[in-house]
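Listed below are the residues making up each chain.
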Amino acid sequence: MSVLHLHLHSTIKGFTLQCAVGLAGLCGMAVQAGDWPEQLQLHGFATQGYILTTGNNYFGESIDGGSFDFRELGLNASWRFKPGLQFSAQAVSRLAGETDDGAIRLDFGFLDDRFLSGREGQMGIRLGRILNPLGLYLDTRDVAFARPSILLPQSIYFDVNRNLALSLDGAQLYGERYGERGNVSFQLQWGYPRVDDPDFERSIFFGSAPGDLESEPTWLARLGYESVDARLRFAISGGQVNVGYDPHGPGDALDSGRFRFEPLILSAQYNARYWDLTAEYARRPTSLRNFGPEFPDVGFTGESYYLQGTYRFAPRWEALLRYDVLYWDKEDRNGTAFAAVTGQPAYRRFAKDLTVGLRWNLTASFMLRTEFHYIDGTGWLSELENPIPSETERYWTLFSILGSYRF
């Protein structure tokens, strides 16, 4: 009997990712290989965080005494039937205050058929629930060891609508071309988005609606480049996300309208031996159409960006500095027009976040992190945790500590 140490190595859009995910609530647990075939791989993680804020709640009642309602547990399995054909799946339990209740769900589960593979590149197709190809960090956002901070830049990687952003049910065509000057990769996928985020409906209608949201055909794509020495990474990603509305009945004031979201993200990263710089910029044309006279047609274009630097000043230590900006409407950056129409605070329509953080890898399997945010605006706050906008505060702080274990 031997101890099975498992790692998932996946190449997504030319970006080689090493993930270690799974259910690691049982720290120190050894997975016995025994009679298991070599084609089967399992791995896991467990993450627990603490958040303390001033003025506004985030992941629970975090103002007075802080909140421990931030927990991520996952179990990942993959089975390689033969070279080029593999099934992968991940089940996750995630607690994040009112925005996630800790229920177990399938984040992804797909069949991967790599039908072309050679010295010059590869191509394949994935079928099932597939990770969305958006930005640099969406593919591994649940893996604390793989993301750059406790909270990803919220201007682009919204936690309140995590399920919608993370994966969809459909098909993906992917490929990679190897060259002397670097690797070029692509992903193109079509399917139906996940609309089961508790806060998603409120973010569309600025409150609850009696009917149900329904997935509609959606497409997403990403084109990436990585230099041979892995110092430079560039990507452009985007698509069109469509969500429909099914009215509750004759008493519903809303008609069968459609929500459309068309993100475009430009990403760049430079990796040196001890430090790296990352920047991403996003534009988000958004429209709501045909919901009836009680909800006139609305269209606006959001804009986001961040600049982030990390510095590895000791073998197991890393520092982070980031400035992150979100505008829900680039034509109304300070929210004054929104406030005039709705009577709600203007600062609901933007958020500017200055973050400093520190990471300590105690071992290869256990990590501690801490970070501090000074924030102007409430643009990415959850309405479920802050139901009365007039009682929120424009200027607020967020302090967090996180521990994560993987196997």
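Peer 1: Can you walk me through unusual backbone geometry in this structure?
Peer 2: Excluding glycine, most residues fall at negative phi; most peptide bonds, likewise, are trans. With a phi close to 55°, Phe 59 is a non-glycine residue in the positive phi region. Look at Phe 59 and you get buried, because its relative accessible area is 2%. Positive phi values are uncommon outside glycine, yet Ala 230 reaches one of about 65°. Among the structural elements, Ala 230 can be located in the loop between β10 (212-226) and β11 (232-246). Looking at Ala 230, the relative accessible area reads 32%, which means it is partly exposed.

Peer 1: Looking at this model, I keep getting lost on the pattern of salt bridges. Mind explaining?
Peer 2: Should their charged atoms come close, side chains of opposite charge can pair. By the definition in use, this model includes 21 salt bridges. In this structure, the salt-bridge partner of Asp 100 is Arg 94, at a minimum N-O distance of 3.2 Å. For the pair shown, Asp 100 and Arg 94 are each scored as buried. With a shortest N-O distance of 2.5 Å, Glu 383 and Arg 348 are connected by a salt bridge. Of this pair, Glu 383 sits in the loop between β18 (366-376) and β19 (395-406) while Arg 348 sits in the loop between α3 (336-342) and β17 (350-361); the two residues are 35 residues apart in sequence, bridging distant segments of the chain. Both residues of the pair, Glu 383 and Arg 348, count as buried. When salt bridges with common partners are traced through the structure, they connect Glu 72, Arg 94, Asp 100, Arg 105, Asp 107, Arg 141, Arg 147, Asp 159, Arg 162 and Arg 194 into a single cluster.

Peer 1: Is there a simple way to think about the packing of aromatic side chains in this case?
Peer 2: By convention here, two paired aromatic rings are described through the distance between centres and the angle between planes. Summed over all chains, the structure comprises 19 aromatic pairs. Between Tyr 245 and Phe 291, the ring centres sit 6.1 Å apart and the planes meet at 55°, which makes this aromatic pair tilted. One end of the pair, Tyr 245, is in strand β11; the other, Phe 291, is in the loop between β14 (275-289) and β15 (298-314), with 46 residues separating them in the sequence. When sorted by exposure, Tyr 245 lands in the same class as Phe 291, which is buried. The ring centre of Tyr 327 lies 4.8 Å from the NZ or CZ of Arg 333, which sits over that ring.

Rules behind the numbers
- Residues numbered from 1 in each chain as written.
- Predicted model: local features only at pLDDT ≥ 70, side-chain atom pairs only at ≥ 80, totals over all residues.
- Heavy atoms only, no water.
- Buried < 20%, exposed > 50% of the residue type's maximum accessible area, 1.4 Å probe, protein only.
- Helix = DSSP H or I, 4+ residues; strand = E, 2+ residues; numbered from the N terminus.
- Salt bridge = Lys/Arg side-chain N within 4 Å of Asp/Glu carboxyl O.
- Phe/Tyr/Trp six-rings, centres within 6.5 Å; stacked < 30°, edge-to-face > 60°.
- Lys NZ or Arg CZ within 6 Å of the ring centre and 35° of its normal.

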